[in-house]
Amino acid sequence: MTTDKSNNSINLNKIMDDSQVNQIIEQLDHELIGLTPVKKRIKEIAAFLVVTRARKELGIESSIPSLHMCFTGNPGTGKTTVALRMAEILHRLGYVRKGHVVSVTRDDLVGQYIGHTAPKTKEILKKAMGGVLFIDEAYYLYRPENERDYGQESIEILLQVMENQRDDLVVILAGYKDRMNTFFQSNPGMSSRIAHHIDFPDYEDGELFEISQKMLLEMKYQMSDEAKKIMVEYIHLRKQQPHFANARSIRNALDRARLRQANRIFATASKLQDTLVDINSLSTIDAEDLSSSRIFNNETDSKKI
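Criteria and cut-off values
Residues numbered from 1 in each chain as written. Predicted model: local features only at pLDDT ≥ 70, side-chain atom pairs only at ≥ 80, totals over all residues. Heavy atoms only, no water. Core = buried A, V, L, I, M, F, W, Y, C linked by side-chain atoms within 4.5 Å. Buried < 20%, exposed > 50% of the residue type's maximum accessible area, 1.4 Å probe, protein only. Helix = DSSP H or I, 4+ residues; strand = E, 2+ residues; numbered from the N terminus. Contact = heavy atoms within 4.5 Å. Pairing = 2+ DSSP bridges. Axes fitted to C-alpha atoms, helices over the stretch in contact; angles between N-to-C directions.

> Can you help me understand the nonpolar core in this one?
For soluble globular proteins, the rule of thumb is that nonpolar side chains tend to be buried together. With 58 residues, the main nonpolar core has Phe71, Ile89 and Leu90 as its most contacted residues. Examining the composition of this core, we find that seven residues originate from one element, helix α3 (residues 36–57), more than from any other. For isoleucine 89, the residues in contact, after removing those within four places along its chain, are Val21, Ile24, Ile25, Ile42, Ala46 and Leu49. Counting 29 residues, the second-largest nonpolar core is a separate cluster that includes Val102, Ile124, Leu125 and Leu159.

Here you go:
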């Protein structure tokens with residue numbers, strides 16, 4: 001029992017232990033490098049949820065708090081991962097029934113003709129009930145420059161559900177900070193329903209290098225010492241290029257490096273007419289697998305690097 005009715009007290013640590021919220025927070029800390037301010041906010045929200053549950057168990061909390069959130073930041077900064085862990089926390093503490101995440105964009109909610117938007121939006125909401133609805137690039141729902149746009153219809157449906165069924169659904173809006181600010185200014189009803197705003201900072205160079213090594217480890221690869229030096233230089237140059245997407249750009253770079261490594265190994269084996277390759281060769285990214293990137297040739301087309 002977490003509640004002692006004889007002295008109107010409750011054990012908060014017991015709630016944390018029973019719900020295993022600390023384990024989820026530890027998992028998030030392990031999954032994501034850096035993001036200190038984000039992790040701090042998640043811990044603060046988790047503490048609020050625990051205290052609110054304690055108040056409810058003691059009979060001094062009757063209203064359901066608004067838990068809708070807004071995640072702002074550039075691509076590849078961990079917003080989707082944090083949404084997944086937040087859904088788990090909400091589920092473990094009894095704020096949502098299932099704890100699943102339904103991730104959507106404008107195209108999943110807004111129709112192309114009259115009468116199409118409401119069924120699409122309601123179908124998505126039905127799938128998300130009992131969990132979290134994660135709307136990426138949410139500002140695209142509002143397009144005032146297009147008189148025939150049906151995004152406003154979807155917004156109105158979302159607003160009703162966010163208010164009337166907040167005991168069964170948490171909505172997380174995500175996107176660039178400046179665009180989300182403009183979206184809220186144009187939609188004050190949506191702004192008033194968002195209880196928690198979390199800004200996701202870009203990664204520092206050193207953090208991106210750590211991320212690259214963590215990704216490789218998960219893929220059972222490693223970098224030679226020389227390749228690590230090239231990777232540091234690559235990160236510095238890539239951050240200055242257009243369309244940089246933080247961890248997402250790093251993953252793309254590693255995928256291309258693996259492709260070059262495979263071609264290098266195959267070409268070498270063909271020349272030697274010996275197709276026997278050891279584990280170390282198959283698992284090591286060398287300097288040339290990175291240095292042949294077009295980013296080192298002053299190319300600015302991010303799609304090619």
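> Any chance you could explain the sheet that holds strand β3 (residues 69–73) here in plain terms?
Within a sheet, neighbouring strands are paired by backbone hydrogen bonds and run either parallel or antiparallel to one another. Taken together, the five strands give an open sheet; going across it, the order is β4-β5-β6-β3-β7, and neighbouring strands pair in parallel fashion. Edge positions in the open sheet fall to β4 (101–104) and β7 (196–200), since each of these has one partner strand only. Across the sheet, the mean angle from the axis of one strand to that of its neighbour is 20°, orientation sign disregarded. Pairing of strand β5 (residues 132–136) with strand β6 (residues 170–175) involves five bridges; the strand directions are parallel. The residue bridging leucine 133 from the neighbouring strand is valine 171, located in β6. Contacting β3, β4, β5, β6 and β7, helix α4 (residues 79–92) crosses the sheet at an angle of about 160° to β3.

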